[in-house]
Structures are given as structure tokens and as C-alpha cells.
Amino acid sequence: MSKEHFTDQELADVKAAQRLAYDAVAAVEAQLYEGITEKQAAQAIEDWLRERGVRRFFHYGFAWFGDRTRFKNFVKAEGGALSSILNPKIAHFGKQFQPTDRPLRRGDAVILDVGPVVNGFACDMGYSCSLGGEEDEEFHAARMALEPHRALILDLVRRGEPQSRIYKEVDALIAEQGYENIHSYYPGSVIAHKVGKVPGTRLPTFRIQGFSPQAIAYLSGHLLASTLRPRLNRTPLWGETSDRPCEPGLWAVEPHLGKGDIGAKWEELLVVTGDDAYWLDDDLPHVRYWQRHRTA
């Protein structure tokens, strides 16, 4: 098992970074209007964070509207996550996730996603909303369908179940709810990935399919270690074939489901220790949404 450990202060810093990212997407949600494009919304997220001192990103802003929230007409990758990003022969695969000139329309589902780096630590979050508001019954149902996955994932991680089994349990619940698993379209078909202190703070800032050089260095370093030292039984990517428990550290977990022209997800940070696991922050927009509608 990994010995990765974070101090209370480091976890407090990461928690503050995650809340800053959520504040950014909430600010952009309030500014959404018919006709704004995915590119403009994604840029607005980055601009909001830069205005508040963020200079580096694990990954830059993503925005998906309408049927793109459920990755309609997207193709699934072959091979691992990093090969999907870096291999020039399949560079078109990564491009399908990038924000486009697709304009927002009334009633569209929206997903906003960003991974800022604050004080050297990366966080990653994803948020679902709709220009149609809470009166959109189909979108509301999709958001509520995501609620039980949070407790399910935490319970199985605490029990030390292999990541592959947790992935399959999430898949089974999604199917039982009448939705499709959308996170299987992500590079490497991952439902989660590790985050933490990123290397290469002196690397230049540019984009590799929406990710920073620091993110590539972080993930590739962990993948190389797992290849060279297989006895460590570790990987930064949590996919359907990851036959190991979650090693200690910070995991960005992002179950994503969809049906018809609607996709919805949440992404937040899970802290895994040597003998326990817990969500870094229980006061997040999607959690408050569920609480509000359970008591309505």
C-alpha cells in the first residue's frame, strides 16, 4: 500500500481549493445564458479562478451542454488513459472532450469541470446544473439518482473492496436506476483518479488535451512506478480492471450517468487513510441539493 499521507494543514488547504473551484462554477452557473458557448463557459471558469490568484491547473476548464453532457456520439478509448491523451494516432479521441462552439439552449443540461492547483496541491471537481432550472423533471431525476452512489462508494472503500468491484457495483446501480454509465467513456474508463502535490512547478503552462504538463507528470510518474515496481500494487487510475483496494491518498471520484440527451455527474475528493476513508467536505452544492429535495 502507498504511504501517501497529508497533514491536517495540507488537507485544509486542499479543502479550501476544492471550495474555491466550486465557487468558480457556481459563479459561472449564475452567468449562463442562451447562446453562450462551451468554450466561453470554460474560459469563464478559468478567468474567475485566475482573478483570485490561481496560476496553474491540473486540468483546465471543461464545459459540456445538452446531449454532450452524456457524451452522445463520443467514442470510447482503446488503451490506457495517458495513451488516449498523448498518442498522436488517436489524438482525435481527446479532442471530443474539449469545449466546443456549441451554444447553450433553454432546458439544456450542463456540466462544468475544473482542476485548479493551489499551494502546489491539485484538486478536481465536477458540477451539474441546467439552464432550465430545477423545474426540469428529467434533469432533477438524474441529479437525485446520483445521491446513493456517494454512500455506496464510501462504504465499499472503507470495507477494502477492490476498485474493480466498486466500479461494477456502481455500474449495477446505474443500470438498475435506468441510466447508462458515462464515466466509461473517459480516458482509461476511469471513475476516479488520484490527486495530490503536483511536480514540475517550473514547467511552462500549456495544454495537452485540456491537461497541464504538471498533471501529465503527476499521473505518468505514478503509472511508471506501478510498471517498474508491480509489487507496490498501485496506480493513480481507478478503472473497471483495477483489481486492488484504494491506496491511501486523495482520490477525485466522478460517477457520471446519462439517459437520452441528459448527463449528470458529481466529482469531489475522497480521503483514504491506512484504516479509514471519508469525503473531504460534506458541505458541497450537490450534497445540499439532495438534502434540500429530500426534506421538501
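Right above here is the structure, for reference.
Residues numbered from 1 in each chain as written. Predicted model: local features only at pLDDT ≥ 70, side-chain atom pairs only at ≥ 80, totals over all residues. Heavy atoms only, no water.

Asker: Quick one: what's the story with the packing of aromatic side chains, residue by residue and with numbers?
Answerer: As enumerated under the stated definition, the model contains 13 aromatic pairs in all. Measuring from centroid to centroid gives 6.3 Å for phenylalanine 97 and tyrosine 186, while their planes differ by 20 degrees, and the two rings are stacked. Here phenylalanine 97, found in the loop between helix 4 (91–95) and strand 2 (109–118), pairs with tyrosine 186, found in the loop between strand 5 (180–181) and strand 6 (192–195); they are 89 residues apart in sequence, far enough to count as distant. Residue tyrosine 186 is classed as buried on the basis of its relative accessible area of 7%. (Phe/Tyr/Trp six-rings, centres within 6.5 Å; stacked < 30°, edge-to-face > 60°. Helix = DSSP H or I, 4+ residues; strand = E, 2+ residues; numbered from the N terminus. Buried < 20%, exposed > 50% of the residue type's maximum accessible area, 1.4 Å probe, protein only.)

Asker: For the side chain of arginine 143, give the residues involved together with the corresponding values.
Answerer: Take arginine 143: it is sitting in helix 5 (residues 137–145). Discounting chain neighbours no more than four positions away, the residues touching arginine 143 are Tyr127, Ser128, Cys129, Ala264, His286, Tyr289 and Trp290. (Contact = heavy atoms within 4.5 Å.)

Asker: Describe the pairing of strand 4 (residues 125–130), listing the residues and the values that go with them.
Answerer: Where a strand is regular, its side chains alternate between the two sheet faces. Counted residue by residue, strand 4 has 6 buried out of 6 residues, so it is predominantly covered. Of the two faces of strand 4, the one holding Met125, Tyr127 and Cys129 and the one holding Gly126, Ser128 and Ser130 are both buried throughout.

Asker: Help me get a handle on the environment of tryptophan 251, residues and values and all.
Answerer: By secondary structure assignment, the location of tryptophan 251 is in strand 8 (residues 249–253). Distance from tryptophan 251 to isoleucine 191, taken between C-alpha atoms, is 10.0 Å for residues 60 residues apart in sequence. A distance of 3.0 Å separates a polar atom in the side chain of tryptophan 251 from the backbone oxygen of glutamate 247. (Polar contact = N/O pair within 3.5 Å; in protein donor to acceptor, adjacent residues only side chain to side chain.)

Asker: Please set out empty space enclosed by the protein residue by residue, giving values where relevant.
Answerer: Here the structure, examined in full by the defined rule, presents 2 cavities of 30 Å³ or more. Here the second largest cavity is characterised by a volume of approximately 90 Å³. Taken together, Tyr22, Gly126, Tyr127, Ser128, Arg143, Leu146, Lys265, Trp266, His286, Tyr289 and Trp290 make up the full set of residues lining the second largest cavity. Taken together, the elements giving at least two residues each to the lining of the second largest cavity come down to strand 4 and helix 9 (285–294). Here the lining of the second largest cavity is composed, by residue class, of 6 nonpolar, 3 polar and 2 charged. (1 Å grid on protein atoms, 1.4 Å probe; cavity = no way out; pocket = protein on both sides within 12 Å on 5 of 7 lines; lining within 4 Å. Points joined across faces, edges and corners; volume = space filled by probe spheres on them. Nonpolar A, V, L, I, M, F, W, Y, C, P; charged D, E, K, R; others polar.)

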